[in-house]
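Overview (structure and organization)
The primary structure of each chain is shown beneath.
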There are 2 protein chains.
Amino acid sequence: MGKEDFVKEITNIEEDFAQWYTDVVRKAELADYTDVKGFVAIRPYGYALWENIQKYADEKFKKVGVTNLYMPVLIPESLLNKEKDHVEGFAPEVAWVTYGGGEELEERLCIRPTSETIMSTMYSKWVSSWRDLPILGNQWCNVLRWEKETRPFLRSREFLWQEGHTVHETADEAKAMTLQMLDIYADVVENLLAIPVLKGEKTEKEKFAGAENTYTVETLMIDGRALQSGTSHYFGQNFAKPFDIKFQNREGKEEYAYQTSWGISTRLIGAVIMAHGDNRGLKLPPKVAPIQVVVVPIAQHKEGVLDKTKELANTLSKKFRVKFDDRDNYSPGFKFNDWEMRGVPLRVEMGPRDIENGEAVLVRRDTQSKETVKLENIESRVEELLEEIQRDMYNVCLERRKAKTTEAYTLEEIAKNLDENQGYVKAMWCGDRACEDKVKEVTGAPSRCIPFNQEHLSDKCAICGKKAEKMVVFGRQY
Amino acid sequence: MGKEDFVKEITNIEEDFAQWYTDVVRKAELADYTDVKGFVAIRPYGYALWENIQKYADEKFKKVGVTNLYMPVLIPESLLNKEKDHVEGFAPEVAWVTYGGGEELEERLCIRPTSETIMSTMYSKWVSSWRDLPILGNQWCNVLRWEKETRPFLRSREFLWQEGHTVHETADEAKAMTLQMLDIYADVVENLLAIPVLKGEKTEKEKFAGAENTYTVETLMIDGRALQSGTSHYFGQNFAKPFDIKFQNREGKEEYAYQTSWGISTRLIGAVIMAHGDNRGLKLPPKVAPIQVVVVPIAQHKEGVLDKTKELANTLSKKFRVKFDDRDNYSPGFKFNDWEMRGVPLRVEMGPRDIENGEAVLVRRDTQSKETVKLENIESRVEELLEEIQRDMYNVCLERRKAKTTEAYTLEEIAKNLDENQGYVKAMWCGDRACEDKVKEVTGAPSRCIPFNQEHLSDKCAICGKKAEKMVVFGRQY
């Protein structure tokens, strides 16, 4: 199979979204399957997306005083067992190390599914006075969860993430931290990845194992399914008590500390693919794109073309992330398709006539619109266009979300709306777990969150008809 | 135990270097022991050193075309077994995962001790033509080796590192890559960490399991023991054959590819501690120091002092990594000791009289020398001093290395020199493994390397007296 065929082979997005996703992941060389079931290899182009997410988020974290650290990847079973809800949530899906250095271990060790237990153990050693607080720790690392069904980036047995774990003097300070980090996640997803978020609190049923409150940023994919894109948890003293994180407060009294944790993961790469792509393949927002501009010479065998296009690429690369594609074994047409499939936001074409006229052609990946620009204006025009593309891609997602957000006043309407439209379905809710379970049972859709922006749709719970407590959003998910 | 006592408690460096090291690691809050034997937690101050090393090295890697990627942390036993020397080298010290998701696995999976096997498996899928080459992949990740004796940073069961794995069309290109990466390692260690390196090739006995050639940068610690600080391996086709990495070459013929791998790790943090520290604690080269300048107000309760010193700290922080220490529960004297213990290269003191005179006092961590500087000149003076400290720290190491490098012409001399002086002992060698084994047996010192800079000390092997092939360097190691 030649390369030319390879690029064409992306499944139609309307016909089979799941297969389209897999095709894009593999053909844009974002990730590949490995010999270890449920584990993927993240290829350089996919990893570059993760590096750009890391860089953006890490800077924001550091600005609010977060410091990075690193804890062991292995957690003894006895530590995992210390917090009851937590172990119930995670024990079924961990991987166990039972042999090390040729010998059977006395106690088996799990590969971290998340690090609350080991972090809390260390924090209890480091905290003795209110002067030692807050501790705002974070680690960028790999974690394992032995999932049954896996998909690259969205759900794999190993994934990369950051997990922040903080310790505070007061409940208020810890709660404020939880929400501050949620805001940073919203910033990452909206401003870097160009995907609007729905912010809210998870229900009791959907919250993190061991948390008092879980807050979430939810996103909506092209097919109308939701993706939980970042979560931030307030623990109160739930871990501080079993892990004995005590400190002397300002009044000289011993007290248990208040904690939070929060995380985003390589799942965000899945969000970018599924929120923006189309039948040509990947479509990347300029701010996160590993390559922002590709320069393709036209008729590159003609005298002067390679020199002039290379010169232009060099100039642009001082300000943007630029790829110069001078491959001599592919036609310009092939290259156009290839870079569109890889989602590069802007293409610059320049051939003999353009050179004569002192011009180049700019083509947007998102709208396919074309324009001719004088070389003396190209830098500023590229900058404008990249900003415009970023903004427009966000707005396209926002419009789609509006179109796919509906209201429902009965269980039947919730089901109908989801079946017709997927998307977010807003409904009033009495707050009872039974009603939430009912929706899941009938529609397969869990609650996404109780949005911060509450609306009063009616007085009655859409499921049981009793007095409504709040508005909740349902949606099928990845 | 109060904080004031805590700082004083570093063991004397001449009395017990090993205990001094442990004290510095723990008291400067670089790392701490955990509940999992042989595993440490890297604390924020220690991790910040690693981040600075990562940033410096990663930029250099990217400049030569290296791209980051990520491979699974778990490797099936059958993959590990594919290259004979490699499995013999690593199998005894791996950790095995035998259960996942509540079930016993059909095949056990080891946590990567290094990733040649999984990388080669994936590369074989990605390479079919010379046009796909070179592949210059690298990952920053955690690895596990079940060591018996462990010490924070120097030898722990889990450590962080980068492992580069490249694939090339020709042996020459792969060899050139191997040496290019060694040069980058020398750059990191010499220019960032201010430690001179000895560059050379490992002997057959000391080379990496599966490599044709292993090249190394070796460093010498204060106590005269050596530390292998970075290695770069040329594999020839040793992995390409069992892992079937074949490509169609420019002549249209199928050929096995040529590979390299290379790595540096958090062990470099150990190198920084042990190459530069003293009885006051850690001593950090400015370029890698998380805090380059600490500003300590004197008589901070007096009017205007906190304002003026804070203003100065803010000004300096535009150009340098600055800490403003306005803690009100410690004396300036305590703070001086505290930041010296933590190795901050430069201290700025400013009190009421200094403010009146428009001056501040600068104190170097490395030499303890003091000077008074006018505020209008302080930025440029700080810049000069940081450069000077970086250079001087390198030169101190270089002088010590000279003093601790000796020549030996007999086995007895090798042993005598090592016993008296530790350090590097240069000796002529016939090239026989038996002679190398003999030195190890008698002195406990392995060969460090066959230096690139060869000297002709005599015609005879220092051990057996036969014809000498080359000069080799011996030294006891961490």
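Reading the values: rules and limits
Residues numbered from 1 in each chain as written. Chains lettered and ligands numbered in written order. Predicted model: local features only at pLDDT ≥ 70, side-chain atom pairs only at ≥ 80, totals over all residues. Helix = DSSP H or I, 4+ residues; strand = E, 2+ residues; numbered from the N terminus. Rg over C-alpha atoms; globule rule 2.2 N^0.38 Å. Contact = placed C-beta atoms within 7 Å. Pairing = 2+ DSSP bridges. Core = buried A, V, L, I, M, F, W, Y, C linked by C-beta atoms within 7 Å. Buried ≥ 20, exposed ≤ 12 C-beta atoms within 10 Å, placed from the backbone. Domains from an automatic or database assignment. Nonpolar A, V, L, I, M, F, W, Y, C, P; charged D, E, K, R; others polar. Axes fitted to C-alpha atoms, helices over the stretch in contact; angles between N-to-C directions. Expected span 1.5 Å × (residues − 1). Arc of directions from axis to C-beta. Least-squares fit on C-alpha atoms with pLDDT ≥ 70 in both. Parallel < 35°, antiparallel > 145°, perpendicular 65-115°, else oblique. Left-handed = near helix turned anticlockwise from the far one by under 90°. pLDDT = per-residue confidence, 0-100.

1. Considerations on the overall build of chain A
Looking only at helices and strands, one finds 15 helices and 23 strands in chain A. Since a compact globule built from 478 residues should have a radius of gyration of about 23 Å, the 25 Å found for chain A is in line with a globular shape. Principal axes of the C-alpha set define a box for chain A whose edges measure 80 × 55 × 45 Å. A separation of at least 24 residues holds for 68% of the contacts in chain A among residues at least 6 apart in sequence.

2. Focus: the interface of chain A and chain B
Chain A puts 41 residues into the contact, and the matching count from chain B is 41 residues. Considering each element in turn, the side of chain A that touches chain B owes the most residues, 6 residues, to strand β5 (residues 95–100) of chain A. Sheet topology note: the β5(A)/strand β5 (residues 95–100) of chain B ladder contains 5 bridges and is antiparallel. Considered in β5(B), the bridge of A:Gly100 is made with B:Ala95.

3. Brief notes about the nonpolar core
Judged by nonpolar contacts, the single largest core of 290 residues is most densely connected at A:Leu193, A:Val272, A:Val295, B:Leu193, B:Val272 and B:Val295. Sequence-distant contacts of A:Leu193, defined by excluding residues within four places in its chain, comprise A:Val188, A:Leu268, A:Ala271, A:Val272, A:Pro285 and A:Val288.

4. Focus: the domain arrangement of chain A
Residue and element names in this part refer to chain A. Looking at the assigned domains, one finds that chain A contains domain 1 (3–276), domain 2 (293–385) and domain 3 (405–474). Domain 1 and domain 3 are separated by 27 Å when their C-alpha centres are compared. Listed as interface residues are 16 residues of domain 1 and, on the opposing side, 15 residues of domain 3. Here the element with the most residues in the side of domain 1 that touches domain 3 is strand β9 (residues 198–201); it accounts for 4 residues. For the side of domain 1 that touches domain 3, the per-class residue count stands at 3 nonpolar, 4 polar and 9 charged.

5. Side note on the sheet that holds β5(B)
Pairing in this open sheet of 6 strands is antiparallel, and the strands run β4(A)-β6(A)-β5(A)-β5(B)-β6(B)-β4(B) from one edge to the other. The sheet is open, and its two edges are formed by β4 (74–76) of chain A together with β4 (74–76) of chain B, each paired on a single side. For this sheet, the mean inter-axis angle between neighbouring strands, taken without regard to orientation, is 45°.

6. Some words on helix α10 (residues 305–317) of chain A
Residues and elements named next belong to chain A. Taking 1.5 Å per residue as the helical rise, α10 with its 13 residues ought to reach 18 Å, and the 18 Å between its terminal C-alpha atoms agrees with that figure. Here α10 has its buried residues at Thr309, Leu312, Ala313 and Leu316. An end-on view of α10 places all buried positions within 100° of arc, on one side of the element. Residues of α10 that are exposed and angled more than 90 degrees away from the buried face: Asp307 and Asn314.

7. Looking at the sheet that holds strand β20 (residues 359–364) of chain B
All names here are of chain B. Reading across from one edge, β17-β16-β19-β20-β21 is the order of the 5 strands in this open sheet, with mixed pairing throughout. Here the strands that pair on one side only, and so sit at the sheet edges, are β17 (322–324) and β21 (370–374). The average undirected angle you get between the axes of adjacent strands in this sheet is 25°. Here strand β16 (residues 293–297) pairs with strand β19 (residues 346–350) via 5 bridges, running parallel. Bridging from a neighbouring strand, Val293 pairs with Leu346 of β19. Here helix α10 (residues 305–316) sits on the sheet in contact with β16, β17, β19 and β20, set at roughly 170° to β16. Contacts from helix α11 (residues 332–341) reach β16 and β19, with the element oriented near 170° to β16.

8. Some words on the relation of the copies chain A and chain B
At an RMSD of 0.0 Å, chain A and chain B line up after a rotation of 180° and a shift of 0.0 Å along the axis. Within this description, the copies of the chain are treated as partners about a two-fold rotation axis. When C-alpha distances to the rotation axis are compared across chain A, the minimum falls at A:Val97, with a value of 2.1 Å. By residue overlap, the copies meet face to face through one surface: 100% of the interface positions of chain A are interface positions in chain B.

9. Considering the environment of B:His233
Residue and element names in this part refer to chain B. Relative to the elements of secondary structure, His233 occurs in strand β11 (residues 226–236). A count of 27 C-beta atoms within 10 Å places His233 in the buried class. Apart from residues no more than four positions distant in its own chain, His233 is found in contact with Thr178, Phe208, Ala211, Thr214, Thr260, Ser261 and Trp262.

10. A look at the packing of helix α14 (residues 411–421) of chain A against helix α15 (residues 433–443) of chain A
Residue and element names in this part refer to chain A. Viewed as axis vectors pointing N to C, α14 and α15 meet at an angle of 45°, and their least axial separation amounts to 10 Å. Classed by the angle they form, the pair α14 and α15 counts as oblique. Seen along the crossing, α14 lies across α15 with a hand that is right-handed. On α15, the residues touching Leu411, Ile414, Ala415 and Leu418 of α14 are Lys438, Val439, Val442 and Thr443. A breakdown of the residues in the contact of α14 with α15 according to their chemical character gives 6 nonpolar, 1 polar and 1 charged.

11. Quick notes on the pairing of strand β7 (residues 135–144) of chain A
Residue and element names in this part refer to chain A. Burial analysis of β7 places 7 of its 10 residues in the buried class, which makes it a mostly covered element. With 2 bridges connecting them, strand β3 (residues 67–68) and β7 associate as parallel partners. When the bridges of β7 are listed, Asn68 appears paired with Asn138. Across 10 bridges, the pairing between β7 and strand β8 (residues 158–168) is antiparallel. Counted as the bridge partner of Ile135 is Val167 from β8.

12. Regarding helix α3 (residues 44–63) of chain A
Between its terminal C-alpha atoms α3(A) stretches 28 Å, which fits the 28 Å expected from 20 residues at 1.5 Å a residue. After α3(A) finishes, the residue A:Gly65 shows a positive phi value of roughly 95°.

13. What to know about the confidence of the model for chain A
Low pLDDT means the predicted coordinates in that region are not meant to be read closely. All names here are of chain A. Scored by pLDDT, chain A has a mean of 96; 98% of the residues are at 70 or more. This stretch, residues 1–7, has a pLDDT under 50; its non-local contacts, to residues over four places away or in other chains, come to 7 contacts. As scored by the predictor, the complex reaches a pTM of 0.97 and an ipTM of 0.96.

14. Focus on the packing of helix α3 (residues 44–63) of chain B against helix α7 (residues 171–192) of chain B
Residues and elements named next belong to chain B. Direction vectors running N to C along α3 and α7 enclose 140°, while the axes themselves pass 10 Å from each other. Remark: the crossing between α3 and α7 carries right-handed chirality. Residues Ile53, Tyr56, Ala57, Lys60 and Phe61 of α3 lie in contact with α7, whose contacting residues are Ile184, Asp187, Val188 and Leu192. Looking at the contact of α3 with α7, its residues break down into 7 nonpolar, no polar and 2 charged.

15. Here we look at the environment of A:Asn191
Residue and element names in this part refer to chain A. With respect to the secondary-structure elements, Asn191 resides in helix α7 (residues 171–192). By C-beta crowding, Asn191 is classed as partly exposed, having 15 other C-beta atoms within 10 Å. With 97 residues separating them along the chain, Asn191 and Val288 place their C-alpha atoms 9.6 Å apart.

16. What about the pairing of strand β11 (residues 226–236) of chain A?
On a regular strand, each side chain points to the face opposite its neighbour's, so the side chains alternate between the two faces of the sheet. Residues and elements named next belong to chain A. Along β11, 9 of the 11 residues are buried, which leaves the element largely enclosed by surrounding structure. Note that strand β10 (residues 213–220) and β11 share 8 bridges and pair antiparallel. When the sheet's bridge partners are listed, Glu218 is paired in β11 with Gln228. Here β10 folds back onto β11, and the loop between the two strands holds 5 residues, one of which, Gly224, carries a positive phi near 90°. Relative to strand β14 (residues 258–265), β11 runs antiparallel, the two being bridged by 5 bridges. Opposite His233, over in β14, you have Ser261 as the bridge partner.

17. Focus: unusual backbone geometry
Residue and element names in this part refer to chain A. A cis amide bond, omega -5°, links Leu133 with the succeeding residue Pro134. Here Pro134 shows up in the loop between α6 (116–126) and β7. Look at Gln368: it is not a glycine, yet its phi comes out positive at around 65°. Along the chain, Gln368 turns up in the loop between β18 (359–364) and β19 (370–374).

18. Re the environment of B:Thr114
Residues and elements named next belong to chain B. Along the chain, Thr114 turns up in the loop between β6 (103–111) and α6 (116–126). Note on Thr114: 23 C-beta atoms within 10 Å, which makes it buried. Separated by 315 residues in sequence, Thr114 and Trp429 have C-alpha atoms that sit 32 Å apart. Not counting residues within four places of it along the chain, the set of residues in contact with Thr114 comprises Phe90, Val143 and Glu163.

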